[in-house]
Amino acid sequence: MTISQRLKQVRSRIHHAEQTAGRPAGSVCLMAVSKTQPPAAVAAAYRAGQRHFGENYLQEAIAKQRCLSNYRVTWHFIGPVQSNKTQIIASRFSWVHSVGRMKIARRLNQQRPFDLGPLNICLQINIDGEESKSGMSIEQLPELADEISSLPNLRLRGLMAIPAIREDTPSASAPFRKMRNAFHNLVTKGYCLDTLSMGMSNDLEVAITEGSTIVRIGTSIFGPRRISQPAPADPNTV
Ligand SMILES: *Cc1c(COP(=O)(O)O)cnc(C)c1O
């Protein structure tokens, strides 16, 4: 199947999930996660109408952005943010979904080029408390949301999570529901938020049922990820 056909399939899954959940058509935005995929794959999706793309690895993302500088792509950074990379991230992306620490937020705020306008931010919640994943706990959320919303070059848009993999639908909905509650608690306190970034290839339907506004889809659009080959060993040192 071509990327264009896969995209159509994903759009129809989203449309169905919106209908089933009684949500308006078009209320969920589709982000194509293009990590490990070549620029040609992004270009193919773009020609099929896709505009939002997500990347996890900075070097790879920058190289792709250079190749695709004529395309009007909205770039989202969704990978772990190291503090020595914040300057590049702040100048090359429209969104960062993976802000989990105040230090990172402060640096992004300081380094965001003024002429680009505020950088859109989602706070990443480690919703299942997994060692292997970054993000803050729900308990930390009120304090960080408060501080971040005072930073003039950031615009706090909402929350993001990558739940642990679960076998069945009833248990899969639990972390998304927790996210939705955390989101509503902030809105009730007066924060102006519009984004719940949750749902991937395997769980977009559950995420949409629980209120996701942007799903991050890689495999279902591009197929399996391409693992980059390690550099060949230097024959002189073997
Ligand atoms: C890779 C990745 C995705 C996409 O995952 P698929 O299962 O391939 O759809 C979404 N979000 C984040 C943060 C990712 O790292």
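Residues numbered from 1 in each chain as written. Predicted model: local features only at pLDDT ≥ 70, side-chain atom pairs only at ≥ 80, totals over all residues. Heavy atoms only, no water.

Q: Quick question: what am I supposed to make of the overall build of the chain here?
A: In terms of helices and strands, the chain carries 9 helices and 8 strands. The C-alpha atoms of the chain give 18 Å as radius of gyration, which agrees with the globular expectation for 238 residues (18 Å, within 12%). Across its three principal directions, the C-alpha atoms of the chain cover 60 × 40 × 40 Å. A buried classification covers 47% of the 238 residues belonging to the chain. The long-range fraction of contacts in the chain, counting pairs at least 24 apart against all pairs at least 6 apart in sequence, stands at 58%. As displayed, the chain has an accessible area near 12,300 Å², and 51% of this comes from carbon and sulfur atoms. (Helix = DSSP H or I, 4+ residues; strand = E, 2+ residues; numbered from the N terminus. Rg over C-alpha atoms; globule rule 2.2 N^0.38 Å. Buried < 20%, exposed > 50% of the residue type's maximum accessible area, 1.4 Å probe, protein only. Contact = heavy atoms within 4.5 Å. Areas by Shrake-Rupley, 256 points an atom, 1.4 Å probe, with all protein chains shown as cover.)

Q: Looking at this model, I keep getting lost on the site of the ligand. Mind explaining?
A: As a matter of local geometry, the ligand sits amid 13 residues, with Lys35, Asn56, Ser201, Thr219 and Arg225 nearest to it. Arg216 places a polar side-chain atom, nitrogen or oxygen, 2.8 Å from a nitrogen atom of the ligand. Within the side chain of Arg225, a nitrogen or oxygen atom sits 2.8 Å from an oxygen atom of the ligand. Within the complex, the protein chains bury 91% of what would otherwise be the 390 Å² of accessible surface of the ligand. Here the shell around the ligand is composed, by residue class, of 6 nonpolar, 4 polar and 3 charged. (Near = heavy atom within 4 Å. Polar contact = N/O pair within 3.5 Å; in protein donor to acceptor, adjacent residues only side chain to side chain. Nonpolar A, V, L, I, M, F, W, Y, C, P; charged D, E, K, R; others polar.)

Q: I keep staring at the pairing of strand E8 (residues 214–217) and nothing clicks. Help me out?
A: A regular strand carries its side chains on alternate faces of the sheet. Neither face of E8 is left uncovered, since the one carrying Ile214 and Arg216 and the one carrying Val215 and Ile217 both have all their residues buried. Two strands pair when backbone bridges link them, and strand E1 (residues 29–33) and E8 are joined in this way by 4 bridges, in the parallel orientation. Residue pairing for E8: Met31 is matched across the bridge by Arg216. (Pairing = 2+ DSSP bridges.)

Q: Just to check I follow, could you spell out the pattern of salt bridges for this structure?
A: Close approach of charged atoms allows side chains of opposite charge to pair. Under the definition given, this model contains 9 salt bridges. The partner of Glu60 in a salt bridge is Lys64, and the shortest N-O contact between them spans 2.6 Å. Of this pair, Glu60 and Lys64 both sit in helix H3 (residues 58–67), 4 residues apart, roughly one helical turn. Residue classification places Glu60 among the partly exposed positions, given a relative accessible area of 21%. Residue Arg177 is joined to Glu210 by a salt bridge in which the shortest nitrogen-to-oxygen separation is 2.8 Å. Residue Arg177 is found in helix H7 (residues 169–188), and its partner Glu210 is found in the loop between helix H8 (204–209) and E8; the two are separated by 33 residues along the sequence. For Arg177, a relative accessible area of 43% corresponds to the partly exposed category. One network of salt bridges, in which partners are shared, links Glu55, Glu60 and Lys64. (Salt bridge = Lys/Arg side-chain N within 4 Å of Asp/Glu carboxyl O.)

Q: When you look at the nonpolar core in this model, what are you seeing that I'm missing?
A: As a rule of thumb, soluble globular proteins bury nonpolar side chains together. Counting residues in each nonpolar core, the largest one holds 64 residues, and the members touching the most others are Phe53, Val96, Leu108, Ile121, Leu123, Leu159 and Ile221. Those residues in contact with Leu159 that sit more than four places away from it in its chain are Cys122, Leu123, Ile125, Leu141, Met179, Ala182, Phe183, Leu186, Thr195, Leu196 and Ser197. (Core = buried A, V, L, I, M, F, W, Y, C linked by side-chain atoms within 4.5 Å.)

Q: Which parts of the structure should I look at to understand helix H5 (residues 102–111)?
A: Helical geometry: 3.6 residues make up each α-helical turn, so side chains three or four residues apart lie on a common side. Considered for burial, the residues of H5 that qualify are Met102, Ile104, Ala105, Leu108, Asn109 and Gln111. Those residues of H5 that are buried are in contact with helix H4 (86–92), strand E4 (95–99), strand E5 (119–125), helix H6 (141–148) and strand E6 (154–161).

Q: Help me out: how do you make sense of helix H1 (residues 3–20) in this one?
A: The end-to-end C-alpha separation of H1 is 26 Å, in line with the 26 Å expected for 18 residues at 1.5 Å each. Taken as a whole, H1 has its buried residues at Ile3, Leu7, Val10, Ile14, Ala17 and Glu18. Angularly, the buried residues of H1 cover 105° about the axis, an arc narrow enough to put them on a single face. Opposite the buried face of H1, by more than 90 degrees, sit the exposed residues Lys8, His16, Gln19 and Thr20. In this structure, the buried side of H1 is in contact with E1, helix H2 (39–47), H8, E8 and helix H9 (219–222). The positive-phi residue at the C-terminal boundary of H1 is Gly22, with phi of around 70°. (Expected span 1.5 Å × (residues − 1). Arc of directions from axis to C-beta.)

Q: Help me understand the confidence of the model for the chain, please; the structure alone is not making it clear to me.
A: Detail in the predicted coordinates should be disregarded across regions flagged by low pLDDT. Across the chain, pLDDT averages 94, with 95% of residues at or above 70. Predicted confidence for residues 229–238 stays below pLDDT 50, and this span has 1 contact to residues more than four positions away or in other chains. (pLDDT = per-residue confidence, 0-100.)

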